[in-house]
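Residue-level structure breakdown
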Amino acid sequence: MKTNPASAFPATRLRRNRKADWSRRLVSENTLSVNDLIWPLFLIEGKGKREPIPSMPGVERLSVDEAVRAAEEAVNLGIPVLALFPHTSMEKRDTMGSLATDPNNLVCQATRAIKKAFPQIGVLCDAALDPFTSHGHDGLMDGERILNDETVEVLVRQSLMQVEAGCDIIAPSDMMDGRVGAIRAALEEAGHIDTQIMSYAAKFASAFYGPFRDAIGSSGALKGDKRTYQMDPANGDEALREVALDIAEGADMVMVKPGMPYLDVLHRVKETFGLPTFAYQVSGEYAMLAGAIDNGWLDRDRVILESLMGFKRAGADGVLTYFAPVAARLIQKL
Ligand code: PBG
């Protein structure tokens, strides 16, 4: 904690340090760099295909070859990591989310293609079943109930398969209990000792995921809500318990999600544990900002950078954001 010296006005005039750009730069406490950005991409089948997502203006679903082009853009911009999310049509979904463990699914295809073309960029893949289940939930179900331990077994298989395709970071986003430990044990046993785990440790049952569910084709599918596994937005202490457990189970990095409504949680997590901590500026946050920007209600460049700087100030080491390429250009003044 920094101390706040007590000398009073006029000995203290806080505006002195703000008087000119050079001085503001000199005393600036936080910086935003391209190294802080993780760029989530949405994948679709086909070739040379880019498909707009109406609830996320400016974001498109990309076929694998287009995702490789996006990876090239990321490399050129200095963005360190891409996160991959597949769109799955209803015909390809089933109650078990079988496609999650198919080594030829879109995530594995894109991972292989991107790592082949650009081995220097990091690839992050979710461990979760919701892009593949006909009911849109992150786990297997028995009637209305989400089955924890049975789901964890599938997540382990999904993770191993994604790592075999070349994935660098497994990001369990399902919120089942014990999944980080199970995935870590399986990775060690298979010799994947360098695979990182970035757990969606404090993930809240949020209305801000709506546009993401449109993007991956889950919106129509999802029955009910995710409140038996994602966290209650009212809880902060519980978020620290979630994070503590994931660290104990072998997470290398943790995430708080969504971002802007949970900056207090982000701050507490970083202060308490001090390990690499990330914020996800989720689809609904993107949609709000993009919508207001498109209407001319908010200044695009400033609002994007300010929203991201807020995460840095709160304690984030980096941010998953759909603004990543735009922000990278703004940061590098391209
Ligand atoms: C799936 C997953 C979700 C997001 C990332 N992984 C949605 C959900 O839990 O329903 C949300 C990302 C976003 O809204 O941008 N497990």
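I will try to describe carefully the structure that is included in this document. (Residues numbered from 1 in each chain as written. Predicted model: local features only at pLDDT ≥ 70, side-chain atom pairs only at ≥ 80, totals over all residues. Heavy atoms only, no water.)

1. Considerations on the environment of Arg300
Defined as follows: Each helix corresponds to a stretch of at least 4 residues labelled H or I by DSSP, and each strand to a stretch of at least 2 residues labelled E; elements are numbered beginning at the N terminus. The contact definition used throughout considers only heavy atoms, calling two residues in contact when any of these lie within 4.5 Å.
The residue Arg300 is located in helix H10 (residues 300–314) in this model. For the pair Arg300 and Ala290, spaced 10 residues apart in sequence, the C-alpha separation works out to 8.0 Å. In this structure Arg300 touches Ile293 and Val326, once residues within four positions along its chain are discounted.

2. Details of the site of the ligand
Formally: A single heavy atom is enough: if one lies within 4 Å of a molecule or strand, its residue is considered near that molecule or strand. In the analysis that follows, any N or O atom pair within 3.5 Å is treated as a polar contact, provided that within protein one partner can donate a hydrogen and the other can accept it, and provided that, for residues neighboring in sequence, both atoms belong to side chains. We get accessible surface area from the Shrake-Rupley algorithm with a probe of 1.4 Å; when it comes to residues, only the shown protein chains can shield them. When residues are grouped by polarity, Ala, Val, Leu, Ile, Met, Phe, Trp, Tyr, Cys and Pro land in nonpolar, Asp, Glu, Lys and Arg in charged, and all others, Gly among them, in polar.
Taken together, 18 residues sit near the ligand, with Asp138, Lys226, Lys257, Ser283 and Tyr322 positioned nearest. Note that a nitrogen atom of the ligand is positioned 3.0 Å from one of the side-chain N or O atoms of Asp126. Side-chain polar atom of Lys203 to an oxygen atom of the ligand: 2.7 Å apart, as the coordinates give it. Relative to its free-state accessible area of 400 Å², the ligand is covered by the protein chains to the extent of 100%. Taken together, the residues of the shell around the ligand break down into 8 nonpolar, 3 polar and 7 charged.

3. Structural notes on the nonpolar core
Quick reminder of the rule: Nonpolar cores are built from buried Ala, Val, Leu, Ile, Met, Phe, Trp, Tyr and Cys residues. Side-chain atoms within 4.5 Å join them into one set. Per-residue accessibility, obtained with a 1.4 Å probe over protein chains only, is compared with the maximum for each type, and a residue is labelled buried under 20%, exposed over 50%, and partly exposed between these values.
The biggest cluster of nonpolar side chains holds 102 residues, and the ones touching the most others in it are Phe42, Ile114, Met198 and Tyr280. Per element, the largest residue contribution to this core is 7 residues, and it comes from helix H2 (residues 64–77). In this structure, Tyr280 is in contact with Pro40, Phe85, Tyr200, Phe212, Met255, Val256, Lys257, Pro258, Gly259, Glu285, Leu320 and Tyr322, ignoring residues within four places of it in sequence.

4. Considering the pattern of salt bridges
The criterion, for reference: Any carboxyl oxygen of Asp or Glu within 4 Å of a side-chain nitrogen of Lys or Arg constitutes a salt bridge here.
Under the counting rule described, the total for this entry stands at 18 salt bridges. In this structure, Lys312 and Asp36 form a salt bridge, with 2.9 Å as the shortest nitrogen-oxygen distance. Remark: Asp36 occurs in the loop between helix H1 (21–27) and strand S1 (37–43) and Lys312 occurs in helix H10; sequence separation between them is 276 residues. Just as Lys312 is buried, Asp36 falls in that class too. Residue Asp130 pairs with Lys226 through a salt bridge whose shortest N-O separation is 3.8 Å.

5. Thoughts on the side chain of Thr133
For Thr133, the position within the fold is in the loop between strand S5 (122–127) and strand S6 (140–142). When near neighbours in sequence (up to four residues on either side) are disregarded, Thr133 contacts Arg93, Asp94, Thr95, Met96, Gly97 and Gly139.

6. Quick notes on the environment of Glu249
Note on placement: Glu249 falls in helix H7 (residues 237–249). Judged by relative accessible area, Glu249 falls into the partly exposed class, the value being 23%. The spacing of Glu249 and Ala202 is 47 residues in sequence and 15 Å in space, taken between C-alpha atoms. Ignoring anything within four residues of it in the chain, the contact list for Glu249 reads Gly178, Arg179, Val180, Gly181 and Arg184. A polar side-chain atom of Glu249 sits 2.8 Å from the main-chain amide nitrogen of Gly181.

7. Here's the deal with the packing of H2 against helix H3 (residues 106–117)
Filter applied, for reference: Only the stretch in contact is used when fitting a helix axis, every axis being a line fitted to C-alpha atoms; angles between N-to-C directions are given from 0 to 180 degrees. Note that the term roughly parallel is reserved for angles under 35 degrees, roughly antiparallel for angles over 145, roughly perpendicular for angles of 65 to 115, and oblique for everything else. Crossings are assigned a handedness: left-handed for a near helix turned anticlockwise from the far helix by less than a right angle, right-handed for a clockwise turn.
Look at H2 against H3: their axes get within 9 Å of each other, and the N-to-C directions meet at 40°. In terms of axis orientation, H2 runs oblique to H3. Crossing of H2 over H3 shows right-handed handedness. For the pair H2 and H3, the contacting residues are Val64, Ala67, Val68 and Ala71 in the first and Leu106, Gln109, Ala110, Ala113, Ile114 and Ala117 in the second.

8. Details of the pairing of strand S10 (residues 253–257)
Quick reminder of the rule: Pairs of strands are assigned from DSSP output, requiring at least two bridges between the strands. For the handedness criterion, the strands are oriented away from the viewer, and a crossover whose path from the first strand over the helix to the second runs clockwise is classed as right-handed.
When you tally the buried positions in S10, you get 5 out of 5 residues, the bulk of the element. Neither face of S10 is open: one carries Met253, Met255 and Lys257, the other Val254 and Val256, and all of them are buried. The pairing of S10 with strand S11 (residues 277–281) spans 3 bridges and is parallel. Its bridge partner lying in S11, Met255 is registered against Phe278. In this fold, S10 hands off to helix H8 (residues 263–273), which returns the chain to S11; that crossover is right-handed.

9. Some thoughts on the packing of aromatic side chains
The criterion, for reference: The pairing test for Phe, Tyr and Trp rings, Trp by its six-membered ring, is centres within 6.5 Å, and the orientation test on the planes gives stacked under 30 degrees, edge-to-face over 60, and tilted for anything in between.
With the rule as written, the count across this model stands at 9 aromatic pairs. Ring centres of Phe42 and Phe85 lie 6.1 Å apart, and the angle between their planes is 40°; this geometry places the pair in the tilted category. On the criterion of sequence distance, the pair formed by Phe42 in strand S1 and Phe85 in strand S4 (residues 81–86) is long-range, its members being 43 residues apart. The pair formed by Phe42 and Phe85 is uniform in burial state, with each residue classed as buried. Relative to Tyr322, the ring of Phe42 lies with its centre 5.7 Å away and its plane at 10°, an arrangement referred to as stacked. Residue Phe42 is located in strand S1, and its partner Tyr322 is located in the loop between strand S12 (318–321) and helix H11 (324–331); the two are separated by 280 residues in the primary sequence.

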